[in-house]
Structures are given as C-alpha cells and as structure tokens.
Amino acid sequence: MMHRDPREPPPEVIRESVRQLKEWMSKEPHLPSIEDENWLETYFYNNRFSLEKTKAKLAAYYSLKNEYPDYMKNRDPISPAILRAREALLTVIEEKETKDGYTLMYSKFGPDPDKFDQRDTYKRSLMLADAMHLEKSRLRKYISIVDCQNLSYKHILKTLPHVHRLANLLNTYSESLQVQHFVNAPDFLYKSIELVRRYLPEKLRVRIRIHTAGSDSIFDSIDKDALASDFGGNGASLDELDDRCQKMLEKHRAWFLQQDEVCATVGYRWKNSDEKLEEMKGSFTQLSID
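Bear in mind that the values here come from a model prediction, so they are computed numbers and not experimental data. (Residues numbered from 1 in each chain as written. Predicted model: local features only at pLDDT ≥ 70, side-chain atom pairs only at ≥ 80, totals over all residues. Heavy atoms only, no water.)

Topic: the packing of aromatic side chains
Keep this limit in mind: Any pair of Phe, Tyr and Trp rings, taking the six-membered ring for Trp, is counted once the centres come within 6.5 Å. Such a pair is stacked with planes under 30 degrees apart, edge-to-face with planes over 60 apart, and tilted for the rest. Whether a residue is buried, partly exposed or exposed follows from its accessible area with a 1.4 Å probe, protein chains only, as a fraction of its type maximum: under 20%, in between, or over 50%, in that order. A ring has a charge above it when a Lys NZ or an Arg CZ is no more than 6 Å from the ring centre and no more than 35 degrees off the ring normal.
Across all of its chains, the model carries 13 aromatic pairs by this definition. With 4.8 Å between their ring centres and 85 degrees between their planes, Tyr61 and Tyr62 make a pair best called edge-to-face. Classification of Tyr62 by relative accessible area gives buried; the value is 1%. Seen from their ring centres, Trp255 and Phe256 are 5.1 Å apart, and the 80 degrees between their planes marks the pair as edge-to-face. In this pair, the class of Trp255 matches that of Phe256, namely buried. In this arrangement the basic side chain of Lys141 is found over the ring face of Tyr102, its NZ or CZ atom lying 4.7 Å from the centre. A cation over a ring is seen here: Lys224 above Phe219, with NZ or CZ 5.8 Å from the ring centre.

Structural notes on helix H1 (residues 11-27)
Test applied: Going along the chain from the N terminus, every DSSP run of H or I of four or more residues is numbered as a helix, and every run of E of two or more is numbered as a strand. What a helix is expected to span follows from its residue count: subtract one and scale by 1.5 Å. The contact criterion used throughout is that any non-hydrogen atoms of two residues lie within 4.5 Å.
Helix length check: H1, at 17 residues, gives a terminal C-alpha distance of 24 Å against a target of 24 Å (1.5 Å per residue), a fit within 8%. When H1 is considered as a whole, its buried residues turn out to be Val13, Ile14, Ser17, Val18, Gln20, Leu21, Lys22, Trp24 and Met25. Buried residues along H1 sit against helix H2 (37-46) and helix H3 (51-67).

A short note on the environment of Lys191
Looking at the secondary structure, you find Lys191 in helix H9 (residues 189-197). Assessed through its relative accessible area of 68%, Lys191 is described here as exposed. As a C-alpha pair, Lys191 and Thr159 span 32 residues in sequence and 14 Å in three-dimensional space.

As for H9
In plain terms, the rule: Throughout, the arc means the angular range of directions from the helix axis out to the C-beta atoms.
Within the sequence span of H9, burial applies to Leu189, Ser192 and Ile193. Projected onto a plane normal to the axis of H9, the buried residues spread over an arc of 100 degrees and lie on a single side. Buried residues belonging to H9 abut helix H7 (153-159), strand E4 (176-185) and strand E5 (208-212).

A short note on unusual backbone geometry
Unusually for a residue other than glycine, Phe49 sits at a positive phi of about 65 degrees. Among the secondary structure elements, Phe49 is positioned in the loop between H2 and H3. Under the relative-accessibility criterion, Phe49 is labelled buried at 4%. Despite not being glycine, Leu139 shows a phi value in the positive range, around 60 degrees.

With respect to the UniProt feature "domain: CRAL-TRIO" (unreviewed entry) in the protein chain
Selection rule: UniProt positions are given in the numbering used here, feature names are shortened, and annotations may be inferred rather than shown by experiment.
Residues annotated in UniProt with the feature "domain: CRAL-TRIO" (unreviewed entry) correspond here to residues 79-239. The straight-line gap between the two end C-alpha atoms of residues 79-239 is 20 Å; of that span, 35% is helix and 22% is strand.

Set out below in structure tokens:
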C-alpha cells in the first residue's frame, strides 16, 4: 500500500534514485547485485527518500544475513520449523488501517514455552517484514500489540540472550514503530522490560505501554473498530489475520528460497551505528530532494 509523504520527490527523481541504488550495489564488491527495482524503491520510500540512509540499510541487511544465518537463511514458509514457530509465537499484520492511519501488528505467545524457539519465531517475524516489502508496503506507521496472556519466565529467559542480535536485525528495517503495547501483562513483565530497555533506541524506550490483564486502557489509544476482536474490538480475529499472513508468506515462497545466496561477501561486516552513517555522508552520490 502506498502512502503520500510531503517530502515525496517527483517520479523522475525516484526513478533516478532507484537507478543509482542499482548501480551502487552492482559496483560494490562486497554486496550482491539487486535487479528488483520495486524492492529498492520500497527501501527508498521507507527511508524517507534519503539515498544515504537507504544505502546504509541495504548494506546492513545483506551483510547481517551472513552474520546471523539462523535468523536470515533457510526461510521456507512451509518448512516444519517455520510452521512450529507460527504456533509458538503468532505474529500477524492487519493491513486495514486505524482511523488515524496506523497499521496494527500483533504477537501472541503460545501456551507451551518448550515449543518456543526464539530463532525460528523471530525469523518468521522478519519474513513477514520482507513479505510486506514485496507487497510494496510503503510509508506505513506501525503500532505493535503483544498479547502476554501466555507469557512465562521461560519465554523471557530464552529471548534475553538474543535481544542484542534481534535489535541489530531490526535496525536494518526502516518501518516506523509509533507505540509498543503489551496487553494482559503479568507483574513480572515490568522488570523484564527494564532489562531489555538498554538495548532499545531512545525513541522506542519512551513508546512502550503496558496494560495489565482485565484493563481496557488500550482503547484510549486505538479505536475499537480497528482493534482485533480478541481484545474486544470490532476488527478481524487474530486467527483470521494469521491465515492471511501465512498465505502472503507462501505467495512469496519462491523468493524466500532464492535469497540464501543473495547476501554480502562472507566476512564483510557492516558497522551498525549512527556514526557509520555519518561517516558515509559525502561519499555517496546524492540527489537534491527538498
């Protein structure tokens, strides 16, 4: 889905930017050559039409595929591991927006933490992000809602050692997360969130909202017509959304199967920091976009 942005340049500038991105990737010895112009254009849109940021995100994305192959390779949406991950952590996106123009994405932990493999579950979540790119989902503003009804200490203990890796991977995406809601939150979640906060960007730290079980405070920020029926809203159920998202992943199965070798040179490591982005300024060919 396309959204309008007041900074959106004319079509000819977008086409020239995509051409530059293709040329840049083809000439960089450590990066793969990407011919899919829609993929590059979506990255350009989601980085708010900045060539520097787009190049940084693309370089990070393709380099981290080698650094974290357990998250970014072997991504068959109908493989037993990914289907088990679907049951262990339901992750879905509602493409219909709220009245304020936000896109809702939901996660819900399964009842058996022994079936929760953090690598496969978060791998599948990142696959959904890539599938949305393939669907030309651009300039969306996201609100994340995590249902913690089945959350246990075991889930958290399995996740904590991998938080830093996951944060690095999430930083290769440019989707705009406005608020992170935790609903049906148990008491121990507050302490767990404090352990994780240090790894989160400052903007995300201040956007976390925690709602205890039985609270309807989430209606203060999300209109009832858009919210999933599982939480008392009038929107589609999580099961319905899960079915749609799985079909979307399977639609792009051939693409996922082809992507294992589409990555940066083995051994190349992208410096994932704002300082690296600052170093890059001036070294990239730029288009003037007012």
